[in-house]
Amino acid sequence: MRKIWSIAKREFSTYLDSLVAYILLVVFVGITGIFTWISFTDVFFTNIASMEPFFGISYWVLFLFIPALTMRMLAEEKRTGTLEVLLTRAVTDWQVVFGKFLGAMILILVALAFSLPWYLSIAYLGPVDHGAIIAGYVGLILMSAMYISIGIFTSSFTDNQIVAFLTALVIGIFFHWIFELVSNIGKGVWKEFFYFLSTKTHIDSMTRGVFDARDLVFFLSITVFGLYMAEVQLAKRNIADA
Amino acid sequence: MDISVKSLSKNYGTQKAVDNISFEVKTGEIVGFLGPNGAGKTTTMKMITAYMSPSSGTVKVGDYDVNEDAETIKPLIGYLPENNPLYLEMPVLEYLSFVADIQGVKKTDIPSRVRLVVDSCGLNREKHKKIQELSKGYRQRVGLAQALIHDPDILVLDEPTTGLDPNQIVEIRNLIRKIGKEKTVLLSTHILPEVEATCDRILIIKDGKIVADGTAQSLKNRSRAKYTFKVMIKGEGNIASELRSLEGVIGVEYLPNEPEKAIITAEEDLPFRERIFNYCVEKGHLLLEMTPEIQSLEDIFRDLTLN
Ligand SMILES: Nc1ncnc2c1ncn2[C@@H]1O[C@H](COP(=O)(O)OP(=O)(O)OP(=O)(O)O)[C@@H](O)[C@H]1O
Ligand SMILES: [Mg+2]
């Protein structure tokens, strides 16, 4: 556990060193702030305080930002050769993958923590459904975990960051948007199937304050699967003739 | 703790980078791993350090098999990979603590271990800088320091002294010698005098196969090209080709800075000197100089790895 933590800490501090962290914070807090402010004006007309605009925009900002956080993680270490140093130390491939996952996760948690003032100001202005907001935050955290894991996976099979970034976006957009479209035009079982695979389905149900085991299963299984695939990809160096 | 390599092979596609090699490195022994570029040294080291698995064959460290017990073996090995990859954006001290951490050094021991390797690798002056601000030689020292940080029983160093200045080479050599007294060290290098100065034994690999294994002395004795002479002959005709056709000659060479002198390697000593003398008398040449040269490791290396 201590080794996972050291790896996570190192990843997190490279974010701080490379300004990536600050850019994320400024952009995330800024954009969500603007959208939340616009909805403030609504509060005075409708008298209903809502965090929905915040969740709606976070849904996209996180989706676009996370591949930029993860693209470097394995690709760059492969390119420079530091991966060889890392993997020949007393750590398992899994500890490396999970440590990196945790490093990105911490940055997302920090970013989300910086958005708490918006929540507090909304709550100050009008009556809010605290349960739904907490559930919404949990949803964003789970969604981030899923996209981080996809990003680490795409970073594991190339030594080019840009390729890692783009493939993460392409894989991500299916869950994020395309499956939803397919579900809208689909019929019967297929409709259900793609409805379940769409990230939107699960985020929406959570921001409505509904805790459903299926949402948890969706996010966690993709997260675990992505990390597992990244580990498999690392282990491929062991296969003869690779 | 010994390293024992048995029938080890590694294929890259159809290329056999390492082809059925076997050797041992015993505790307290420093073994120099030599060979021309692309011979398979780095590939072998990657397999010993559990970075890549072999296509076939086994590597054992102590009683553990690298294939099966990689996680047991990794903490026992200190490895400096070729090209010395480092996290350039990290400060030296932070990097060394990080490596100590993931090598499982006890939390309370980390500061003292870091201080020790910083000292022994001569990093004191630069220890607060970021690695990217260091010169190549200092980066190399950081690479060595991270390999030593957890006081490993086994050291695998892929070209450890490239980029070091002459003073530091001597210091690192002494350090490796000192470490090598109790530990098992395998190091690759292209600097042959270094091997003679540091290593107890030499392994020479060529095209993935071991072509020599022994002490520097035993290799010298075994080598066919035992005797080298520098001769200066004055006369008419094509002396070089006549020299080449003498019995027992292995090679004749002219150095650019002394074009009038031939360097001849031969299988025998005294009988060959007589032959040269007789040849000159027969042709009416003047023999102006004949100096026996000491057979160097370079000659042996070339003899074993060329053609
Ligand atoms: N990842 C790889 N994919 C394909 N071939 C490789 C790979 N790595 C090494 N090789 C090949 O394997 C052979 C052995 O390479 P290796 O790096 O082990 O040589 P070396 O003895 O360390 O050489 P040098 O003295 O130049 O460092 C070379 O022919 C090289 O081209
Ligand atoms: Mg090499």
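Predicted, not measured: the structure shown is a model, and the values here were computed from it.

### Observations concerning the sheet that holds strand β8 (residues 184–188) of chain B
Residue and element names in this part refer to chain B. Strand order in the open sheet formed by six strands is β6-β7-β8-β3-β9-β10, and the pairing between neighbours is mixed. The open sheet has two free edges, formed respectively by β6 (77–80) and β10 (209–214), since each of these has just one partner strand. Taking each pair of neighbouring strands and ignoring which way they run, the sheet shows an average axis angle of 15 degrees. As judged from the five bridges shared by strand β7 (residues 154–158) and β8, these two strands associate in the parallel manner. Within β8, the residue paired with V156 across the bridge is L186. Here helix α5 (residues 136–148) sits on the sheet and contacts β6 and β7; the angle it forms with β6, its principal contact strand, is near 165 degrees.

### Description of the sheet that holds strand β1 (residues 3–12) of chain B
Residues and elements named next belong to chain B. The sheet built from four strands is open, its strands ordered β2-β1-β4-β5 with antiparallel pairing. Only two strands of the sheet have a single partner each, and these edge strands are β2 (15–25) and β5 (64–65). When β1 meets β2, the two strands line up antiparallel, connected through seven bridges. When the sheet's bridge partners are listed, L8 is paired in β2 with I21.

### Details of the packing of aromatic side chains
Residue and element names in this part refer to chain A. Under the criterion given, the structure shown has 24 aromatic pairs over all chains. Taking the centre distance of 5.4 Å and the plane angle of 45 degrees together, the rings of F179 and F194 count as tilted. Of this pair, F179 sits in helix α8 (residues 161–185) while F194 sits in helix α9 (residues 188–197); the two residues are 15 residues apart in sequence, bridging distant segments of the chain. Accessibility assignment for this pair places F179 and F194 in one class, buried. Both rings, one in F193 and one in F194, keep their centres 5.2 Å apart while their planes meet at 75 degrees; by these two values the pair is edge-to-face.

### Remarks on a nonpolar patch on the surface
On the surface, L16(A), L19(A), Y22(A) and I23(A) cluster together to form a nonpolar patch covering roughly 370 Å² of accessible area. Taking relative accessible area as the criterion, L16(A) reaches 33% and is therefore assigned partly exposed.

### Examining the interface of chain A and chain B
Between chain A and chain B, the contact holds 27 residues from the first and 34 residues from the second. Together chain A and chain B conceal approximately 2,700 Å² of surface at their shared face, both sides included; 52% is due to carbon and sulfur atoms. Along the contact surface separating chain A from chain B lie three salt bridges. A salt bridge links K46(B) to E84(A), with the shortest nitrogen-to-oxygen separation between them at 3.8 Å. Of all the secondary-structure elements, those providing two or more residues to the side of chain A that touches chain B are α1 (2–17), α3 (52–80) and α4 (82–87) of chain A. No other element matches the seven residues that α1(A) contributes to the side of chain A that touches chain B. Residue composition of the side of chain A that touches chain B, grouped by class: ten nonpolar, eight polar and nine charged.

### Digging into the site of ligand 1
Residues and elements named next belong to chain B. Neighbouring ligand 1 are 14 residues, the closest being Q15, K41, T42, T43 and E82. Between ligand 1 and the protein, one listed contact pairs an oxygen atom with a side-chain N or O atom of N37 at 2.9 Å. Here A39 contributes a backbone N or O atom positioned 3.2 Å from an oxygen atom of ligand 1. In isolation ligand 1 exposes 640 Å². Once the protein is present, 64% of that is buried. Those elements that provide at least two residues to the shell around ligand 1 are β2 and α1 (41–48). The element best represented in the shell around ligand 1 is α1, accounting for three residues. Class assignment of the residues belonging to the shell around ligand 1 gives a composition of four nonpolar, seven polar and three charged.

Rules used in this analysis
Residues numbered from 1 in each chain as written. Chains lettered and ligands numbered in written order. Predicted model: local features only at pLDDT ≥ 70, side-chain atom pairs only at ≥ 80, totals over all residues. Heavy atoms only, no water. Pairing = 2+ DSSP bridges. Helix = DSSP H or I, 4+ residues; strand = E, 2+ residues; numbered from the N terminus. Axes fitted to C-alpha atoms, helices over the stretch in contact; angles between N-to-C directions. Contact = heavy atoms within 4.5 Å. Phe/Tyr/Trp six-rings, centres within 6.5 Å; stacked < 30°, edge-to-face > 60°. Buried < 20%, exposed > 50% of the residue type's maximum accessible area, 1.4 Å probe, protein only. Patch = residues over 30% accessible without salt bridge, like charges linked within 9 Å, V, L, I, M, F, W, Y side chains within 5 Å. Areas by Shrake-Rupley, 256 points an atom, 1.4 Å probe, with all protein chains shown as cover. Salt bridge = Lys/Arg side-chain N within 4 Å of Asp/Glu carboxyl O. Buried area = accessible area lost by both parts, 1.4 Å probe. Nonpolar A, V, L, I, M, F, W, Y, C, P; charged D, E, K, R; others polar. Near = heavy atom within 4 Å. Polar contact = N/O pair within 3.5 Å; in protein donor to acceptor, adjacent residues only side chain to side chain.

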